[in-house]
Amino acid sequence: MENIIFDTSEIQLSEILATYFNETAIQLPPNRVYRIDKTDERWYYTIDKELNPTFFMSVTAWTSKYVKDRADIGIGLWREKVGTEVANERLYDRSCYGTFMHIKLGLLLQFRKIENYYAELQQYMLDCGIIKSTNTEAERKLINKWNRDLYFDLLCYKDWIIKYDVKPIFIEGGLVSLSDRLAGSLDLVCEMYDKEYDKTPIEKRKKVRAIIDFKSGKNGFTDKHIMQLYEYKSIWLENFPNYPIDIVGNVAPTDWQKRKDKKPKCKFEVHSELRTKPTNVDSMVYGEDGRPILDETGHYVLVGETKEESYNLYEVQRKNYVANYLAEREEFDKNYIKIDNDGVIDLDSTESDFSIIDLQELIIAKHQNLVDVEKEVSEIETEQNLFTTIE
């Protein structure tokens, strides 16, 4: 959920507010998080008491730029086949659908029921430019298709929510990482069953705390999706160190109506690539020739016992990707935004005509207005409380 601070055709500033936040389960986030949306560029920022903004690259942009993914090859070939214009159009359509689906999924997570969203969806499609009007048969068919797809997808999610007894803690909330200089909006942090149970008594079912990312596509999950989750986990732990995460996973709807059983069902994958490595490898016994000594079985003679140490490959990869990103951020003193020779902000390696000075001045001015309004409201509330006390 967003609270828009400033909005023009060129740029939008908004505060990112969690759609749902369980204050009885966890503490309040340490930072208020704001977002900059400019065409296809998106950055986040926080602002201190002196109204100085600090900027953060979005996790989505970070994975897009730094995370290697085999799926990129297929996407590239698809772009070549259909053409850039058609590809961008289809991706925009899917992005708009995904945004609307996420909004309604937030309500489903809270209330576990599906409403009729036809009229709201129709207006949303007009606002996004997906349709120009509702007058033509083609446009009405497209609205009906989106409405049908939405209903079928939400049925999948409802089945998953009930089967895993999903209890939301945090929905669509914005968080930043001061260490990684990254920020994002987490789809869901929740408590849920660790697996799908059938006949196991409720008191014997195990609950875990999870970070879940929802996808509207039905083509499976990619390395970028997995890295996104692991970075969200890192950001969460930086903000809420006393609330550890047990699992991370992606959830997506399926074409269940094409299946024989005709039962709604989500594709749910928990991502953990556990590996082991030996420790004490430097404690081998060496002979006079400087070579390690072997025992009768052909194994190295060790000073201490060799143990297997577990590690998560995905977490190792995430740290490497973050390190590569930070190594390229040469403009730390300029709030982690790259500036070109003309002093122009370059949010995502694309041309922009909005300077860093303009942006900082805009943010300071708009937030000063917010401070003034909040101060005025506080003074009015104080006066009202005073009069109430006197009476």
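Computed from a predicted structure; not experimentally measured.

Caption draft 1: Looking closely at the nonpolar core. Counting residues in each nonpolar core, the largest one holds 42 residues, and the members touching the most others are I36, W62, F170, I211 and W236. Broken down by element, this core gets its largest block of residues, seven residues, from helix α6 (residues 223-239). Contacts of F170, omitting those with residues within four sequence positions, involve A18, Y20, F21, I26, P29, L175, L186, D187, L188, V189 and W236.

Caption draft 2: Summary view of helix α7 (residues 313-328). Compared with an ideal rise of 1.5 Å per residue, which puts 16 residues at 22 Å, α7 spans 23 Å between its outermost C-alpha atoms and is within 8% of the ideal. Taken together, the buried positions of α7 are occupied by L313, Y314, R318, Y321, V322 and Y325. The arc that holds every buried residue of α7, seen down its axis, measures 165°, which confines them to one face. For α7, the exposed residues lying more than 90 degrees away from the buried face are K319 and A327.

Caption draft 3: Structural context of the confidence of the model for the chain. For the chain, the average pLDDT comes to 83, and 78% of its residues sit at 70 or higher. The model gives residues 332-353 a pLDDT under 50, and that stretch makes 51 contacts with residues more than four places away or in other chains.

Caption draft 4: Seen up close, the pattern of salt bridges. Considering all chains together, one arrives at 21 salt bridges under this definition. Ionic pairing is found between D37 and R35, a salt bridge with its closest N-O pair at 2.9 Å. In this structure, D37 and R35 share a single accessibility class: buried. D159 is the partner of K163 in a salt bridge, and the nearest nitrogen-oxygen pair spans 3.2 Å. One end of the pair is K163 and the other is D159, both in helix α5 (residues 137-163) and four residues apart, which spans about a single turn. You can call K163 partly exposed: its relative accessible area is 28%. Accessibility expressed as a relative area gives 21% for D159, which makes it partly exposed. Each of E2, R35, D37 and R42 takes part in salt bridges that share partners, so that together they form one network.

Caption draft 5: The arrangement of the environment of A119 in detail. Looking at the secondary structure, you find A119 in helix α4 (residues 118-128). In this structure A119 comes out as exposed when scored by relative accessible area, which is 58%. Residues A119 and N147, spaced 28 residues apart in sequence, show a C-alpha to C-alpha distance of 9.6 Å.

Caption draft 6: Local environment of the packing of α6 against α7. Here α6 crosses α7 at 85°, and the two axes come no closer than 10 Å. On the basis of the axis angle, α6 is roughly perpendicular to α7. Along the contact surface, α6 presents I226, M227, Y230, E231 and S234, while α7 presents Y314, E315, Q317, R318, Y321 and V322.

Caption draft 7: Just the environment of P253, in detail. Looking at the secondary structure, you find P253 in the loop between β10 (247-252) and β11 (267-270). Judged by its relative accessible area of 2%, P253 falls in the buried class. Along the primary structure P253 and C156 are separated by 97 residues, whereas in three dimensions their C-alpha atoms are 5.6 Å apart.

Caption draft 8: Here's a closer look at the pairing of β10. In terms of burial, β10 is largely enclosed, as six of its six residues are buried. Side chains I247, G249 and V251 project from β10 onto one buried face, and the interleaved V248, N250 and A252 project onto a second face that is buried too. Direction of pairing for strand β9 (residues 207-214) relative to β10: parallel, over a ladder of five bridges. Each residue of the ladder has a partner; that of I212, found in β10, is G249.

Caption draft 9: Layout of unusual backbone geometry. In this structure, E172 is a non-glycine residue whose phi angle is positive, near 55°. Mapped onto the elements of the fold, E172 is located in strand β7 (residues 167-177). Its identity as a non-glycine residue notwithstanding, R181 has a phi of 60°, on the positive side. Among the structural elements, R181 can be located in the loop between β7 and β8 (182-193).

Calculation criteria
Residues numbered from 1 in each chain as written. Predicted model: local features only at pLDDT ≥ 70, side-chain atom pairs only at ≥ 80, totals over all residues. Heavy atoms only, no water. Core = buried A, V, L, I, M, F, W, Y, C linked by side-chain atoms within 4.5 Å. Buried < 20%, exposed > 50% of the residue type's maximum accessible area, 1.4 Å probe, protein only. Helix = DSSP H or I, 4+ residues; strand = E, 2+ residues; numbered from the N terminus. Contact = heavy atoms within 4.5 Å. Expected span 1.5 Å × (residues − 1). Arc of directions from axis to C-beta. pLDDT = per-residue confidence, 0-100. Salt bridge = Lys/Arg side-chain N within 4 Å of Asp/Glu carboxyl O. Axes fitted to C-alpha atoms, helices over the stretch in contact; angles between N-to-C directions. Parallel < 35°, antiparallel > 145°, perpendicular 65-115°, else oblique. Pairing = 2+ DSSP bridges.

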